[in-house]
Amino acid sequence: MKVKKLIYHCLLVLFVTALNPLSAQQGSTAPGKKIRVLILTGSSDWSHPWQGTAPFLQGALMNTGRFDVKLEEEVVGITAATLANYDVLVNYYYGPRWGEVTEHAVEEFIKSGHGMVGIHGVTYGPFFGQAGGSAKEPRRMEGEAWAAYSDMLGMTWPIDDIGHAKRHVFVVQWIDQEHPVSHGLPPTFVANDELYHKIQLKPNAHVLATARDLPVSEKGTGKDEPVVWTVPYGQGRVVMTVLGHDLLAMSQPGFLDLLSRATEWAATGNVDPSTPTLAPSTSLPSPSKTQ
């Protein structure tokens, strides 16, 4: 009977490990304080439902063993006292503005030396004074923009330019391989995602990675578009990526590497050189290298 129980427990451990490759690769977590992460979510536009993707982001970070991650589904009303418990924010929210108290708290949190990671659809919407965008509701300017938000993300995106070509598999190229987020990673990785285009970056945005858009004939730009960039904000750090449309996009090894490393850098200003990576070198050529 004891032998059967031992076999059962061994098989259970192997099964859980197989379902959690990130933890298997990490191994035992080194003792020390984990980075405290708060994911801001709870509202989304019609094409980016958060109910499945936000918990996935939480699990992906926690499975590395380096983060303690909480989800905040009621962002409106949180204060500086709430944020004082955390090192970094992950912005995965599309919806009504948060109000003066919460927005000011987020601004001061980053300015004071903390960080934020912005993912995909936070690049447009009510924070920019925009509304609509579905098949039944044309995109339009509506409401007052959050002035500091554009500065935090280091970008603007005029309504007439918001969009992307068809979703496809493409190569992302790290153009700054010396930055802590990208240092030691293969020079390229594969994404299966939407490639946002025509975003206008502010002068202080530092591009870490780009991808070549589809040709104009396929409703792309035919140009290299920014995929990952960093922005200083006060004493703090922001990392923005256009990747992360859905669970398929988020489950790509390159995105998982980016998520964990960007979150660590935004929180601390560094990335542990022993941090494991998931994305292999891709055999797909970077379009910018072949054209």
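Peer 1: Would you mind showing me how to read the pairing of strand β2 (residues 67–72) here?
Peer 2: The side chains of a regular strand alternate, first on one face of the sheet and then on the other. One ladder, built from six bridges, connects strand β1 (residues 35–40) with β2; its direction is parallel. Along β2, the bridge assignment pairs Leu 38 with Lys 70. Taken together, β1, helix α3 (residues 50–62) and β2 constitute a β-α-β crossover, and its handedness is right-handed.

Peer 1: Got a minute to help me understand the environment of Ser 217 in this structure?
Peer 2: Along the chain, the position of Ser 217 falls in the loop between β11 (206–212) and β12 (224–233). Sequence-wise, Ser 217 and Ala 165 are 52 residues apart; in three dimensions their C-alpha atoms are separated by 10.0 Å.

Peer 1: Teacher, can you tell me more about α3 here?
Peer 2: Since the α-helix turns once every 3.6 residues, residues separated by three or four places project in the same direction. If you check α3, its first and last C-alpha atoms are 18 Å apart, about what 13 residues at 1.5 Å a residue would give, namely 18 Å. Restricting attention to buried positions, one finds in α3 the residues Trp 50, Thr 53, Ala 54, Leu 57, Gln 58, Ala 60 and Leu 61. The buried residues of α3 occupy an angular sector of 165° when the element is viewed end-on, so they sit on one face.

Peer 1: Help me understand the sheet that holds β1 in this model?
Peer 2: Within a sheet, neighbouring strands are paired by backbone hydrogen bonds and run either parallel or antiparallel to one another. Judged by pairing direction, the sheet is mixed, and its nine strands sit side by side in the order β2-β1-β3-β4-β13-β12-β11-β8-β9 without closing on themselves. Looking at the sheet topology across the chains shown, the edges are occupied by β2 and β9 (188–193). Averaged over all pairs of adjacent strands, the angle between their axes in this sheet comes to 20°, without regard to strand direction. Across the sheet, α3 touches β1, β2, β3 (88–91) and β4 (115–119), and the angle it forms with β2 is around 170°. Of the strands in this sheet, β3, β4, β12 and β13 (236–241) touch helix α5 (residues 100–111), which is tilted by about 110° from β13.

Peer 1: Looking at this structure, I do not really get the packing of aromatic side chains. What am I missing?
Peer 2: What describes a pair of aromatic rings is the distance from one ring centre to the other and the angle between the planes of the rings. For the coordinates displayed, the defined rule picks out 13 aromatic pairs. Here Tyr 124 and Tyr 196 contribute two aromatic rings whose centre-to-centre distance is 6.3 Å and whose plane-to-plane angle is 65°, an arrangement assigned as edge-to-face. Placement of Tyr 124 in the loop between β4 and β5 (130–131) and of Tyr 196 in the loop between β9 and β10 (200–201) is noted, with a sequence separation of 72 residues between them. Exposure class is identical for Tyr 124 and Tyr 196. Each is buried. Summarising the aromatic geometry, the rings of Phe 127 and Trp 146 are spaced 5.2 Å apart at their centres and angled 85° between planes, so their arrangement reads as edge-to-face.

What counts and what doesn't
- Residues numbered from 1 in each chain as written.
- Predicted model: local features only at pLDDT ≥ 70, side-chain atom pairs only at ≥ 80, totals over all residues.
- Heavy atoms only, no water.
- Pairing = 2+ DSSP bridges.
- Helix = DSSP H or I, 4+ residues; strand = E, 2+ residues; numbered from the N terminus.
- Right-handed = clockwise from strand over helix to strand, strands pointing away.
- Expected span 1.5 Å × (residues − 1).
- Buried < 20%, exposed > 50% of the residue type's maximum accessible area, 1.4 Å probe, protein only.
- Arc of directions from axis to C-beta.
- Axes fitted to C-alpha atoms, helices over the stretch in contact; angles between N-to-C directions.
- Contact = heavy atoms within 4.5 Å.
- Phe/Tyr/Trp six-rings, centres within 6.5 Å; stacked < 30°, edge-to-face > 60°.

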